[in-house]
Protein chains: 2
Amino acid sequence: MPLLNKAHRGTPENPLNQLTALLKGDLQAVNTLILERMQSEIPLIPKLAGHLISAGGKRIRPLLTLASAALFGYTGARQYKLAACVEFIHAATLLHDDVVDSSDQRRGKASANSMFGNEAAVLVGDFLFSRSFQLMIEDGSLDVLRILSNASAVIAEGEVMQLSTTNDTDTTEEQYKRMIRSKTAELFAAACETGAVVAGRSAAECKAMRDYGMNLGIAFQISDDVLDYTAERERLGKSLGDDFKEGKMTLPVIRALAKADRTEKKFWQRCLSDLDQSDKDFKEAVALLHKHDTLNDSLDEARRYAEQGIQALAALPKHPLREHLKDLIIFAVERDY
Amino acid sequence: MPLLNKAHRGTPENPLNQLTALLKGDLQAVNTLILERMQSEIPLIPKLAGHLISAGGKRIRPLLTLASAALFGYTGARQYKLAACVEFIHAATLLHDDVVDSSDQRRGKASANSMFGNEAAVLVGDFLFSRSFQLMIEDGSLDVLRILSNASAVIAEGEVMQLSTTNDTDTTEEQYKRMIRSKTAELFAAACETGAVVAGRSAAECKAMRDYGMNLGIAFQISDDVLDYTAERERLGKSLGDDFKEGKMTLPVIRALAKADRTEKKFWQRCLSDLDQSDKDFKEAVALLHKHDTLNDSLDEARRYAEQGIQALAALPKHPLREHLKDLIIFAVERDY
């Protein structure tokens, strides 16, 4: 399978902007619903949820649901509610994730847990999660409920896997891939599939949309894990080297460990297992990843997933949105932030 | 409305034991399902969930679903799965609750968060919650889904309310009641209603079962809050005075505050708002509750809810289980542990 053109790397155009522009009306309908349905008579709930949800997230997951429904020519309104569900599940996950990671920052702002406390972040996450199911039940499709409840369970499994593999330098590439499929790609897949199901498409087309989303999610996460060692992440409100600091086992590190000599192995164990790090260790880590060329290796792996996602798109109707989804999966790998 | 006979107070017979014996076969089916469906290929999930779920919980909520279905003569098997759902929602709430309260103990054992870490407790709670929705969707009734997803959202709201009122000596009795309805009674109500819905009963009968559960939950929680100042709680693996230590605003305290003079107000504020407590303060607190007779007052309030629950039962078919449910709501108030 040919790799994507590496010349793409660093492309400044973000196809999300184009998708957002094309689906502007739909996205506004979703945003209105999100604001409306995150309300509660308990003031802390909309306050905390609003802090996260209105903090300028890219809404990539609900956009996938909208794009998928639109690509299949669906003209009803069910996708709005379900796209809001997808964003609520994502928001709940983020809230709990930040508690787990003890993160101070999210989307370039103080994280909800650092502002409102871990307790509130956990409980408002639970509320958004429940609200998401209430919305799905209003929609009334057991098929959609099955897809999204399954995604929720798989995401939780992925998050627990991440917890279990963090600081464990014996983590295998297979474990890593399973983990990112679960914690990241499953919701991309479910968001895409939901649009196709709402549009009443064939099982084959629903599966093709799901496969696209799954490959997009995997490619996106691998690229994200590479960027943690290379990018000017301040633009996204993240800082370089977060994964390293927390001892997260990502693809470039797992592959560098597989090629490591004794001294290098000890270095990784000290930094990632024992979290015994000094200021210059991150530089040394980046040098080791370059030495074994695992940053490029990992991106090539991400490109292979992107290729598979593009192949999945080929089974879908010809539509301008299909081209944008193709651009999006390329961008997910080739972006430099 | 006549109060329940106060002579009941301290009754040693626990009608839960009778219910458990009567519904033994049903409960075994539910326990088997619980064990089966809390499994995951991620070993930490059944390990942590099993620590909580097999720690000898009383299974009161699933028992309510089973009793409700049986009381209506339902002979199918749907109630097993749905009773397991109810227990999963409860278990998820407990896991998150213990993180919020930083509890070390649960059901007389080390709490899951103290053994496995807050992170794992949050994520396994999420998993159980998602798994619960998967089970409901397998059952396939949108009515049941509506009842239980609504309960989940309301519980989260109740937990956030508790967070907001803790340490706030201005908390009103109205706020307290709303909070315990949400965080505790709603799931009792939903568990009861689910049994009636599964049995295909009329809206009036479903509502009567729901009303019973709601009043049971409220009576149970008020009594629990009184017991925190009076009981030998070690038998339940809780310690006397936990609520006081955490500055939780419960009915006896709210009513004592309403009658407090200036010095007493300052005492409550120092202890509950500032959490500035010395060893003898708990004794002083109990003395103040006795001075204003708010422990008895609160129990009388619990008895009024129990009476309403018993009235709701009157609308249901005559059945031995109906008598046991009546005994249960009396016991919820009159128990001494």
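Here's what I pulled together on the structure shown here.

**Here we look at the side chain of Gln162(A)**
Okay, step 1: Within the secondary structure, Gln162(A) sits in helix H8 (residues 142-165).
Okay, step 2: Setting aside residues up to four positions removed in sequence, Gln162(A) forms contacts with Met179(A), Lys183(A) and Lys248(A).

**Quick look at the interface of chain B and chain A**
Okay, step 1: Between chain B and chain A, the residue contacts involve 35 residues of the former and 35 residues of the latter.
Okay, step 2: When residues of chain B are sorted by the area they lose upon contact with chain A, Ile42(B), Leu123(B) and Ile137(B) head the list and together hold 18% of the total.
Okay, step 3: In this structure, the connection of chain B to chain A is made through 2 salt bridges.
Okay, step 4: With a shortest N-O distance of 3.4 Å, Arg178(A) and Glu41(B) are connected by a salt bridge.
Okay, step 5: Of all the secondary structure elements, the ones that give two or more residues to the side of chain B that touches chain A are helix H3 (44-53), helix H5 (78-101), helix H7 (118-139) and helix H8 (142-165) of chain B.
Okay, step 6: Per element, the largest residue contribution to the side of chain B that touches chain A is 14 residues, and it comes from H8(B).
Okay, step 7: Partitioning the side of chain B that touches chain A into residue classes produces 19 nonpolar, 9 polar and 7 charged.

**Considering the relation of the copies chain B and chain A**
Okay, step 1: Superposition of chain B onto chain A requires a rotation of 180 degrees combined with a translation of 0.0 Å along the rotation axis, giving an RMSD of 0.0 Å. Taken together, the rotation and translation describe the operation of a two-fold axis. Taking C-alpha positions as reference, the residue of chain B nearest the rotation axis is Val122(B), located at 3.7 Å.
Okay, step 2: The residues that chain B uses at the interface reappear at the interface of chain A in 100% of cases, marking a shared surface.

**A short note on unusual backbone geometry**
Residues and elements named next belong to chain A.
Okay, step 1: A positive phi angle, near 70 degrees, is found at Asn 167, a position not held by glycine.
Okay, step 2: Among the structural elements, Asn 167 can be located in the loop between H8 and helix H9 (173-198).
Okay, step 3: On the basis of relative accessible area, Asn 167 is assigned to the partly exposed category, the value being 28%.
Okay, step 4: Its identity as a non-glycine residue notwithstanding, Asp 293 has a phi of 55 degrees, on the positive side.
Okay, step 5: As for its position among the elements, Asp 293 is in the loop between helix H14 (281-291) and helix H15 (294-313).

What counts and how
- Residues numbered from 1 in each chain as written.
- Chains lettered and ligands numbered in written order.
- Predicted model: local features only at pLDDT ≥ 70, side-chain atom pairs only at ≥ 80, totals over all residues.
- Heavy atoms only, no water.
- Helix = DSSP H or I, 4+ residues; strand = E, 2+ residues; numbered from the N terminus.
- Contact = heavy atoms within 4.5 Å.
- Buried area = accessible area lost by both parts, 1.4 Å probe.
- Salt bridge = Lys/Arg side-chain N within 4 Å of Asp/Glu carboxyl O.
- Nonpolar A, V, L, I, M, F, W, Y, C, P; charged D, E, K, R; others polar.
- Least-squares fit on C-alpha atoms with pLDDT ≥ 70 in both.
- Buried < 20%, exposed > 50% of the residue type's maximum accessible area, 1.4 Å probe, protein only.

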